[in-house]
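# Observations on the three-dimensional arrangement
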Amino acid sequence: MSIYRLALWSRMKSPWIYHINTGSCNACDIEILAALTPRFDVERFGIKLVGSPRHADVLLVTGPVTEQMAERVKRIYEQVPQPKFVIAVGTCACSGGVFRGGYTIKGGVDTVIPVDVYVPGCPPRPEAIIKGVVLLLQKLKGEAK
Amino acid sequence: MSEDNFLEKLQNCLKDYLVDAKKKRDRLYIVEVKAEAVDKVVKALKESFGDIHVTTISAVDYIEYLEVFYDLWLHGPKVALVLKAKVNPDRPELPSIVGVIPGALFNECEVYDLFGIIFKGNNHLKKSFILPEHFPKDYFPLRKKR
């Protein structure tokens, strides 16, 4: 139990993020980069982008899920160690956006994997993305009590 | 908090200001409210459903009336809410929501610049917010009639 609490504490102090693009137009990806790079610089709060889903605590998913990506998103989600969390960034990731109903589109991210926090916007401002991560951490804190 | 009975909760929460509320599809609700109570509506939503994310604010000119849209996301029940309010095109005024959600400042300024809708309580409204500086001060480009 105590080791679990230690792990939760360290995860809250420094959530590691893995970013997947499932067919996004790159606007949301640019905003995520803006949030990570020196202007907003979330790395000073310990939020770090990692290169492998096996190192990640949080998946940041952008874009509507295409038929091709659906299987791969699921596979990436399965590679993330427990406990894992998903943030859908952008209107497309939340619901499919303007691409909803298209013949290559499966829908929002929640049609494939469970989503914890939605950040709508086309694209969302870096502040909104940071707010999404903070909301997720608050949720975790609620679980920690 | 989940989406169950969301429409009922919404109707209870906004019953004094509501004109019409309907569910468009899963996690998308369209609500029409009285224009003079928009700030109270947003405040009531914030009090009963938690954090609100303003995706965008926009408007449509239907000539007989102008309709202002607030695209909101409620982080509590995880639903998208489109708040609509009809205003008179001759006196387009409605209260600002900047007091409740400071992040809506830029969106309100943009709508003022393009449609000439006055958000009472927002002290930063001015022409040429996004339009070029030499643009006529009494011309609102997204209005259908001058």
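Residues numbered from 1 in each chain as written. Chains lettered and ligands numbered in written order. Predicted model: local features only at pLDDT ≥ 70, side-chain atom pairs only at ≥ 80, totals over all residues.

## Overview of the overall build of chain A
When helices and strands are tallied, chain A shows five helices and seven strands. Each helix and strand of chain A, ordered N terminal to C terminal, gives the series α-β-α-β-β-β-α-β-α-β-β-α. At 15 Å, chain A has a C-alpha radius of gyration in line with the 15 Å of a compact globule built from 145 residues. Buried positions account for 40% of the 145 residues belonging to chain A. Taking as baseline every contact in chain A between residues at least 6 positions apart, the subset at least 24 positions apart corresponds to 80%. (Helix = DSSP H or I, 4+ residues; strand = E, 2+ residues; numbered from the N terminus. Rg over C-alpha atoms; globule rule 2.2 N^0.38 Å. Buried ≥ 20, exposed ≤ 12 C-beta atoms within 10 Å, placed from the backbone. Contact = placed C-beta atoms within 7 Å.)

## Examining the overall build of chain B
Of regular secondary structure, chain B possesses three helices and seven strands. In chain B, the succession of α and β elements from N to C terminus is α-β-β-α-β-β-β-β-α-β. Computed over C-alpha atoms, the radius of gyration of chain B comes to 16 Å, within 12% of the 15 Å expected from 2.2 N^0.38 for 146 residues, which places it in the range of a compact globule. Its C-alpha atoms give chain B principal-axis dimensions of roughly 50 × 30 × 25 Å.

## With respect to the sheet that holds strand β2 (residues 48–49) of chain A
Residue and element names in this part refer to chain A. Pairing is parallel across the open sheet formed by five strands, whose spatial order is β2-β1-β3-β5-β7. The sheet is open, and its two borders are formed by β2 and β7 (117–119), each paired with just one other strand. As judged from the five bridges shared by strand β3 (residues 58–62) and strand β5 (residues 85–89), these two strands associate in the parallel manner. From the neighbouring strand, L59 faces β5, where its bridge partner is V86. Where helix α2 (residues 27–36) meets the sheet, its contacts fall on β1 (16–21), β2, β3 and β5, and the angle it forms with β3 comes to roughly 140 degrees. (Pairing = 2+ DSSP bridges. Axes fitted to C-alpha atoms, helices over the stretch in contact; angles between N-to-C directions.)

## Here we look at the sheet that holds strand β2 (residues 28–33) of chain B
Residues and elements named next belong to chain B. Across the sheet, which stays open at both edges, the five strands sit in the order β1-β2-β5-β4-β3 with mixed pairing between neighbours. In this open sheet, the two strands that pair with only one neighbour each are β1 (18–25) and β3 (52–61). Across the sheet, the mean angle from the axis of one strand to that of its neighbour is 20 degrees, orientation sign disregarded. Looking at chain direction, β3 and strand β4 (residues 66–74) are connected through nine bridges and run antiparallel. Bridging from a neighbouring strand, T56 pairs with D71 of β4. Running at roughly 155 degrees to β3, helix α2 (residues 38–49) makes contact with β2, β3, β4 and β5 (79–87) of the sheet. Along the sheet, helix α3 (residues 105–115) makes contact with β3 and β4, crossing β3 at roughly 5 degrees.

## Quick look at unusual backbone geometry
Here the bond from A:Q82 into A:P83 is cis, since omega is -10 degrees, no more than 30 degrees from zero. Of note, A:P83 is situated in the loop between α3 (67–79) and β5. Of note, the bond from A:C122 into A:P123 is cis; its omega dihedral lies within 30 degrees of zero at -10 degrees. Tracing the chain through its elements places A:P123 in the loop between β7 and α5 (126–144). With a phi angle near 90 degrees, A:N26 is a residue other than glycine that sits in the positive phi range. Phi is positive for B:S128, close to 60 degrees, though the residue is something other than glycine. By the secondary structure assignment, B:S128 is in the segment after β7 (118–120). Residue classification places B:S128 among the exposed residues on the basis of 11 C-beta atoms within 10 Å.

## Notes on the confidence of the model for chain B
Across chain B, the average pLDDT comes to 88, with 98% of residues at or above 70. Two summary scores accompany this predicted model of the complex, namely pTM at 0.84 and ipTM at 0.79. (pLDDT = per-residue confidence, 0-100.)

## Digging into the environment of B:V100
All names here are of chain B. Summarising the element assignment, V100 is placed in the loop between β6 (93–95) and α3. For the pair V100 and W73, spaced 27 residues apart in the sequence, the C-alpha separation amounts to 15 Å. Sequence-distant contacts of V100, that is, excluding residues within four places in its chain, are made with D39, V42, K43 and K46.

## Concerning α2(B)
All names here are of chain B. For α2, built from twelve residues, the straight-helix expectation of 16 Å at 1.5 Å per residue is met to within 8% by its first-to-last C-alpha distance of 16 Å. Of the positions making up α2, those classed as buried are V38, V41, V42, L45 and F49. End-on view of α2: buried residues confined to an arc of 95 degrees, all on one side of the axis. In this structure, the buried side of α2 is in contact with α1 (6–13), β2, β3, β4, β5 and β6. Positive backbone phi, at 85 degrees, marks G50, one or two positions downstream of α2. (Expected span 1.5 Å × (residues − 1). Arc of directions from axis to C-beta.)

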